[in-house]
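# Close look at the chain arrangement
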Amino acid sequence: MSLIFPTQTSIRHRRRHTRSHLVPIVVGASLAFGAIAMVGYLLWPTWQSARAEDPGRIPVSVGGALFNVPTHAFRRKVQKHSGPQERIDLSYAYPSLEATDVPRHISVETFDDTPQPIDRIFLSISAHHDAMSPETRLRTIYPRYSDQVMAAQDGLTTRPFRDATPYSHEDLFVGDEPALVARCSRDTTTPGMCLSERRINGADLSFRFPRAWLSQWREVGEAMDRLTAQLVSPRG
């Protein structure tokens, strides 16, 4: 009997010793788990919303000229980056002049054989490499291939190009206040389109829009002036 009691006492002592070590471990683990849970709770909204957003405008250099381009105006994703580029292609909603890269939704129900109206004004900016300026072309080249100026309508003069010339089936339109010079294809099975060019330092800006918009040519001219001013402004 005398050998049993010390053994039992020793076992009980070891059990109490083990429990005394487990208590701080359990308490520490509980505190650590609570801290992790609290950090996770606080940071969870951040993880959901921490998505990199596109900047409002991207500085692009074309032909040595700096332009601040709206991010959503780029028509080609490969051009959507800052730095020097040889050419960029842009589009803006008209008449709002908003830059949006969201394509128009056309469903089977809304599609038919009637061409969809164009509600965009397109702009290409390219380095001219000392090519002939639009002003020189207007003064020296176009008169060689065009007929006499027709009577002005609402302040807009028309000069048709002769057949068998580089600009056959096109007409030249010139207006003042605001200044507008546009070379437009004639309406056929597809609506005619207009090209209006201007030069800024080492870059040429080429605007394209439907010929039908010439019925409000002053609004179109003012829109191109505003877009040009926004692009060359340091703040856009």
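Data block above holds the structure.
In what follows, the accompanying structure is described. (Residues numbered from 1 in each chain as written. Predicted model: local features only at pLDDT ≥ 70, side-chain atom pairs only at ≥ 80, totals over all residues. Heavy atoms only, no water.)

A separate point is the sheet that holds strand β1 (residues 57-62). Spatially, three strands are ordered β2-β1-β3 in an open sheet, and the strand pairing comes out mixed. Edge strands, defined here as strands with exactly one partner in the open sheet, are β2 (65-70) and β3 (83-85). Along the sheet, successive strands turn relative to each other by an average axial angle of 40°, direction set aside. Contacting β1 and β2, helix α3 (residues 217-232) crosses the sheet at an angle of about 110° to β2. (Pairing = 2+ DSSP bridges. Helix = DSSP H or I, 4+ residues; strand = E, 2+ residues; numbered from the N terminus. Axes fitted to C-alpha atoms, helices over the stretch in contact; angles between N-to-C directions. Contact = heavy atoms within 4.5 Å.)

Our next topic: the layout of surface pockets. In this structure, the second largest pocket occupies an estimated 300 Å³ of space. Going through the elements one at a time, α2 (134-145), β8 (170-175), β9 (180-185) and β10 (193-200) are the ones with two or more residues in the lining of the second largest pocket. Looking at the lining of the second largest pocket element by element, the count peaks at five residues for α2. Of the residues that constitute the lining of the second largest pocket, the class distribution is 10 nonpolar, two polar and six charged. (1 Å grid on protein atoms, 1.4 Å probe; cavity = no way out; pocket = protein on both sides within 12 Å on 5 of 7 lines; lining within 4 Å. Points joined across faces, edges and corners; volume = space filled by probe spheres on them. Nonpolar A, V, L, I, M, F, W, Y, C, P; charged D, E, K, R; others polar.)

To continue, consider the nonpolar core. Judged by nonpolar contacts, the single largest core of 35 residues is most densely connected at F67, V69, L90, I121, I125 and F209. Elements that contribute at least two residues to this core include exactly β1, β2, β4 (87-93), β5 (120-127), β9, β10, β11 (203-210) and α3. In terms of residue count, the dominant contributor to this core is α3 (six residues). Among residues more than four places away in sequence, those in contact with F209 are I121, A182, M193, C194, S196, L214, V220 and M224. Counting five residues, the second-largest nonpolar core is a separate cluster that includes I141, Y142, Y167 and L172. (Core = buried A, V, L, I, M, F, W, Y, C linked by side-chain atoms within 4.5 Å. Buried < 20%, exposed > 50% of the residue type's maximum accessible area, 1.4 Å probe, protein only.)

Once that is clear, we can look at unusual backbone geometry. Going from Y94 to P95, the amide bond is cis rather than trans, its omega being 10°. The topology assignment puts P95 in the loop between β4 and β5. In this chain, E177 is followed by P178 through a cis amide linkage whose omega measures 0°. For P178, the location among the structural elements is in the loop between β8 and β9. Backbone geometry places L97, a non-glycine residue, at a positive phi of 65°. The residue L97 is located in the loop between β4 and β5 in this model.

To continue, consider the sheet that holds β8. One open sheet accounts for eight strands, arranged β4-β5-β11-β10-β9-β8-β7-β6; its pairing is antiparallel. Either end of the sheet is taken by a strand with one partner, and the two such strands are β4 and β6 (150-153). Strand-to-strand twist of the sheet, defined as the mean angle between neighbouring strand axes without regard to direction, takes the value 25°. In the packing of α2 onto the sheet, the strands contacted are β7 (156-160), β8, β9, β10 and β11, and the crossing angle to β10 comes to about 130°.

The next point concerns the state of the cysteines. According to the stated counting rule, one finds one disulfide in the structure shown. Across the disulfide, C184 is cross-linked to C194 (sulfur-sulfur distance 2.0 Å). A torsion of 110° about the S-S bond marks the disulfide between C184 and C194 as right-handed. Taken together, the residues span a long stretch of sequence, with C184 in strand β9 and C194 in strand β10 at a distance of 10 residues. Each of the two residues, C184 as well as C194, counts as buried. (Disulfide = S-S within 2.5 Å.)

These results come straight from atomic positions and should not be treated as a statement about function.
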